[in-house]
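Here's the letter readout for the chains.
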Amino acid sequence: MIVEKINIKNGTGLGLIFDMNNAPIIVIKADKGFVMCGYLDINAANKLGDAAAKVKGVNSFEDVLNAEIIEVSLPAKELGIDTGITGKEALEKMF
């Protein structure tokens with residue numbers, strides 16, 4: 001498991017990489033939400049009221065920051081996050 005501070009323009013996130021058998025689980029958490037890899041479920045984030053944005057095909061924190069957001073929770077939409085922006089842009093709106 002890798003845990004790192006991820007410096008973003010508006011703050012510092014906390015990144016977690018947990019190696020699984022075929023691909024890692026990756027999450028970068030900001031103050032108001034998080035960007036997650038495709039392993040995790042946006043419906044669960046909606047049920048819990050979390051601001052979450054999903055990317056896919058990522059293997060590193062840098063990949064998450066550069067990847068396009070493919071799905072967002074309702075609370076994330078309320079922060080101005082939508083599909084098509086990068087993970088980094090989404091995280092900047094979560095601080």
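Structural data are supplied above this passage.
Below is a short write-up of the structure.

Rules used in this analysis
Numbering of residues begins from 1 in every chain and follows the order in which that chain's sequence is written. The predicted nature of this model means local features are confined to residues of pLDDT at least 70 and side-chain atom pairs, given and counted, to a pLDDT of 80 or more, with totals for whole chains, interfaces and linings taken over all residues. Side-chain measures here rest on the full set of heavy atoms in the structure, leaving out hydrogens and waters. Numbering of helices and strands runs from the N terminus, with a helix taken as a DSSP run of H or I at least four residues long and a strand as a DSSP run of E at least two residues long. Between buried and exposed lies partly exposed: a residue is buried under 20% and exposed over 50% of the maximum accessible area for its type, with that area taken using a 1.4 Å probe on protein chains only. In this analysis, two residues are considered to be in contact whenever any of their non-hydrogen atoms come within 4.5 Å of each other. For this analysis, a salt bridge means a side-chain nitrogen from Lys or Arg found within 4 Å of a carboxyl oxygen belonging to Asp or Glu. One requirement defines pairing of two strands: DSSP has to find at least two bridges between them.

Before going further, it helps to examine the side chain of Lys54. When you line up the elements, Lys54 lands in strand β5 (residues 52–54). You can call Lys54 buried: its relative accessible area is 11%. Other than its neighbours up to four places away in sequence, Lys54 contacts Met36, Cys37, Gly38, Leu40, Asp41, Ile42, Glu68, Ile69, Ile70 and Glu71.

Here we come to the pattern of salt bridges. Overall, the coordinates contain one salt bridge when judged by the stated rule. In this structure, Lys54 engages Glu71 in a salt bridge whose closest nitrogen and oxygen atoms are separated by 3.6 Å. With Lys54 in strand β5 and Glu71 in strand β6 (residues 71–72), the pair connects residues that are 17 residues apart, well separated along the chain.

Attention shifts here to the sheet that holds β5. Read across the sheet, six strands follow the order β1-β2-β3-β4-β5-β6 without closing on themselves; strand pairing throughout is mixed. Across the chains shown, the open sheet's two edge strands, defined by having one partner strand only, are β1 (2–8) and β6. In this structure, β1 lies alongside strand β2 (residues 11–18), joined through seven bridges in antiparallel fashion. The residue of β2 that forms the bridge with Ile8 is Gly11.

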